[in-house]
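# Structural overview
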Amino acid sequence: MIEIEFEKYVEFEFKDTTSQLDVLIDIIIRDGNCIMKSDWLARLYEIEIKSLKTKIKDLKSSIDKENNSIDDFRERDYQIYKACLETAYNNDKENNLDKKVTQDELSILLTLASKLELSQEEVRLINYMVLPIEKQNIENIINELKNIGVIFFSKKSNTVYVADEIIRNLRKVRKKDVADKYFRRVLKSLKDPQINLACRKHNIEWQNISLDQKIKKIIKEGIPFSALLTTDIYKDGTKLSEKKVFLNDLFENGLNTSKSLKGSTIEEKVQNIIEYFDEIERDERVGISLEGYDQLLNDLNSNLPKSNDLLKNEFELQDNYVLNSEYLLDFNIKPRDVLEVIDTDELKKFCDKLDIKTRGNTILNILESYKDAENLSLENYEHFAYRDINKIKENGINVKEADIGLQFEDLTKKIFEELKFNVDEKLKKELNTNKDKIDILLNLGNKQLILVECKTSKDKGFNKFSTVSRQLKSYVKLAEKNDYTIIKSLLIAPEFSDDFVSECNLEYELNLSLIKAKSLFNILDAFKDSKKHKEFPHNLLMKDVVIQEERIVKALAK
């Protein structure tokens, strides 16, 4: 409800034909422009105005020239729209009023542009051919956008922020069905003759330039995504049934969704493709581990040195060096988005250098080679704790439900190893019996050990204290029998019930502390960020009954 009201509100602001809101919004909704310094926004705005004036001059010159390269029908469409706009803008002057386009006139013009199948860029160029466009002050621009509620502005850092939800709404206002990166993904799945048809229809240069250059021009022109898949890429006389078959194949095979495309009409099918991209845009999953993403970026920098500048320019990023996973994810730029802006031939060279197979889909082959299974599983550590098989599989990890407990134990070992503990598997095997099987032993030296027990549970609040207590006490006796001292027992689980915590509070023999799986993972992150500690200070685990993540993170940051 709020989203609909916001869209209506912004659409109302568009009625002011002198606001240049269309120019500003088109800058904001581009991939990579959700966080910008004010001077960077000013620079992008200045470039946009300069580019607009050049394009307007070129289009006006082409229309006025008798033997131009514009298709006769397309030129007629331009002349019709331009004549209607001139009438709407100038008719107030006859009544001794300021020249303007009224709301009613604008709604008629928008309908006319839609029926003439003009792209956003074509409409914008003709609009500013008739309505004068002048460069505005950046402070006024920021204030205008802030007052409308489109941006947040921090005076302290001089930074403009645009929320993902607002960007999605602004796209709807500008009749952009999908983000540019997903439009690019679809265009790369089309054949060259289909791209040429779309270019010819919208008066885009298509001869003697590469496929990648044509794709960039189509995206820049603002051709409606739905119009492209409904009409623009088909030859005259193409049957409706043939279009449906093509869209089904594009969705399942071209985009590698491995899903069937639903919808009985062509409009429903296109809408379902749009909804698919909307769903993956909201999805925070990266597809490969963060370490795998960083390794991919490092390899791109080493083997394709122009990658950094290419990404910087394509996504209009302000920083000089942008090949960093955390930085790119702040702009919702994921590994596949990165690879899709690189020229196909360059990607093949990259594959050859790193011995990655090129047969089939090159981009998917590259992503598969950087899918570090161990780190990807570690990033899903909490899902393993909760035995959430659906989430685990959705995130690209193949595991049987029966193996989740063992996998959780292995991941916990990995975490303690990365915390630089001595996870003593050899001693564990020596101590274990057929009856008593310790999960993890941390050997501190001098015959001192920390005992770690791992428990997974689908239920919220692990509550089997008596069972765990018996297990741990038998393990302690086992260690003492072999002249070792258990100085601490740790229980790792997704979370704990209040009753479990209360009973643990009363237990004095085990010196037991409880750690939530999410807390342990966050403690590992904090340790990795810590420059002071080369190994984890185990004394930080000796105090609490339920280990306080905030206390440990703060201590590591000192």
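Sequence positions are assigned chain by chain, starting from 1 and proceeding in written order. Under the rules for a predicted model, residues below a pLDDT of 70 receive no local features and side-chain atom pairs below 80 are neither given nor counted, while totals for whole chains, interfaces and linings still include all residues. The side-chain quantities take in all heavy atoms of the structure and omit both hydrogens and water.

## Some thoughts on the overall build of the protein chain
What counts here: Numbering of helices and strands runs from the N terminus, with a helix taken as a DSSP run of H or I at least four residues long and a strand as a DSSP run of E at least two residues long. Per-residue accessibility, obtained with a 1.4 Å probe over protein chains only, is compared with the maximum for each type, and a residue is labelled buried under 20%, exposed over 50%, and partly exposed between these values. What makes two residues a contact is simply this: any of their non-hydrogen atoms within 4.5 Å. With residues, only the protein chains shown are counted as cover, and all accessible areas are computed by Shrake-Rupley using a 1.4 Å probe. When charges are tallied, Lys and Arg are placed among the positive residues and Asp and Glu among the negative ones, while His and the ends of the chain are skipped. Each charge is placed at NZ for Lys, CZ for Arg, CG for Asp and CD for Glu.
Along its length, the protein chain carries 29 helices and seven strands. In terms of its C-alpha atoms, the protein chain occupies a principal-axis envelope of roughly 100 × 50 × 45 Å. When each of the 558 residues of the protein chain is scored for burial, the buried share is 49%. At a minimum sequence separation of 6, the contacts of the protein chain that also span at least 24 residues come to 65%. When the accessible surface of the protein chain is split by element, carbon and sulfur atoms take 46% of a total near 29,500 Å². Taking the average location of the 91 positive side-chain charges in the protein chain and that of its 102 negative ones, the two points are 2 Å from each other.

## Let's talk about the sheet that holds strand S6 (residues 485–493)
We count it as follows: The pairing criterion for strands is at least two bridges between them, as found by DSSP. The convention used is that axes are lines fitted to C-alpha atoms, helices contributing only their stretch in contact, and that angles between N-to-C directions extend from 0 to 180 degrees.
Strand order in the open sheet formed by four strands is S4-S5-S6-S7, and the pairing between neighbours is mixed. Both outer strands of the open sheet, strand S4 (440–445) and strand S7 (512–516), are each paired with one neighbouring strand and no more. In this sheet, adjacent strand axes meet at a mean angle of 20° when their direction is disregarded. The sheet contact formed by S4 and strand S5 (residues 448–454) spans five bridges and is antiparallel. Considered in S5, the bridge of glycine 445 is made with glutamine 448.

## Looking at the packing of aromatic side chains
The condition is simple: Stacked, edge-to-face and tilted are the three classes for Phe, Tyr and Trp ring pairs, Trp counted by its six-membered ring, which pair at centre distances within 6.5 Å; planes under 30 degrees apart are stacked, over 60 edge-to-face, the rest tilted. Lysine NZ or arginine CZ positioned within 6 Å of the ring centre and within 35 degrees of the ring normal marks a charge as sitting over the ring.
Using the criterion set out here, one finds 13 aromatic pairs in the structure. Seen from their ring centres, tyrosine 182 and phenylalanine 277 are 5.1 Å apart, and the 20° between their planes marks the pair as stacked. A residue pair is termed long-range when its members are at least 10 positions apart, and tyrosine 182 in helix H9 (residues 180–188) and phenylalanine 277 in helix H14 (residues 266–282) qualify at 95 residues. Each member of the pair, tyrosine 182 together with phenylalanine 277, is buried. Both rings, one in phenylalanine 225 and one in phenylalanine 277, keep their centres 6.3 Å apart while their planes meet at 85°; by these two values the pair is edge-to-face. In this pair, phenylalanine 225 sits in helix H12 (residues 225–232) while phenylalanine 277 sits in helix H14, placing the two residues 52 residues apart along the sequence. Within the aromatic cluster, the residues linked to one another by ring pairs are Tyr182, Phe183, Phe225, Phe251, Tyr276 and Phe277. When the ring centre of tyrosine 484 is taken as origin, the NZ or CZ atom of lysine 447, which lies over that ring, is 4.2 Å away.

## Brief notes about empty space enclosed by the protein
Operational definition: Space inside and on the surface of the protein is sampled on a 1 Å grid over the protein atoms alone, with a cavity defined as a set of points where a 1.4 Å probe fits but cannot get out and a pocket as an open set with protein on both sides within 12 Å along at least 5 of 7 lines; lining residues have an atom within 4 Å of a point. Grid points are joined across faces, edges and corners, and a volume is the space filled by probe spheres set on the points. Polarity classes work like this: nonpolar for Ala, Val, Leu, Ile, Met, Phe, Trp, Tyr, Cys and Pro, charged for Asp, Glu, Lys and Arg, and polar for all others, with Gly in that last group.
The tally for this structure, following the rule as stated, stands at one cavity of 30 Å³ or more. Looking at the largest cavity, the residues that line it are Gln120, Lys175, Lys176, Asp177, Val178, Asp180, Phe183, Ile219, Gly222, Ile223, Pro224 and Phe225. A class-by-class count of the residues in the lining of the largest cavity yields six nonpolar, two polar and four charged.

## Describing the packing of H9 against H14
Between two packed helices, the angle of one axis relative to the other and the distance separating the axes together describe the packing. Selection rule: Here is the rule for angles: anything less than 35 degrees is roughly parallel, anything more than 145 is roughly antiparallel, 65 through 115 is roughly perpendicular, and the remaining ranges are oblique. Left-handed describes a crossing whose near helix is turned anticlockwise from the far helix by less than a right angle; the clockwise case is right-handed.
In contact at an axis separation of 11 Å, H9 and H14 are set at 130° when each is read in the N-to-C sense. Taken together, the axes of H9 and H14 lie oblique to each other. As for how H9 packs across H14, the hand of that crossing is right-handed. Only Phe277, Ile280 and Glu281 of H14 make contact with H9, whose side of the interface consists of Tyr182, Arg185 and Val186. Here the contact of H9 with H14 is composed, by residue class, of four nonpolar, no polar and two charged.

## Section: the pattern of salt bridges
Going by this rule: Salt-bridge detection follows one rule: a side-chain nitrogen of Lys or Arg within 4 Å of a carboxyl oxygen of Asp or Glu.
For the structure on display, the rule yields 37 salt bridges. Salt-bridge contacts for arginine 185 lead to glutamate 340; the nearest nitrogen and oxygen are separated by 2.8 Å. Of the two residues, arginine 185 sits in helix H9 while glutamate 340 sits in helix H18 (residues 335–340), which places them 155 residues apart along the sequence. Across the pair, glutamate 340 and arginine 185 agree in class, each one buried. Measuring nitrogen to oxygen at the nearest pair gives 3.2 Å for the salt bridge that ties glutamate 418 to lysine 414. One end of the pair, glutamate 418, and the other, lysine 414, are both in helix H24 (residues 404–418), four residues apart, so they sit about a helical turn from each other. With respect to burial, glutamate 418 and lysine 414 carry one shared label: buried. It is possible to trace a salt-bridge network through shared partners that takes in Asp26, Arg30, Glu48, Lys55, Glu121, Arg124, Arg174, Lys220 and Glu316.

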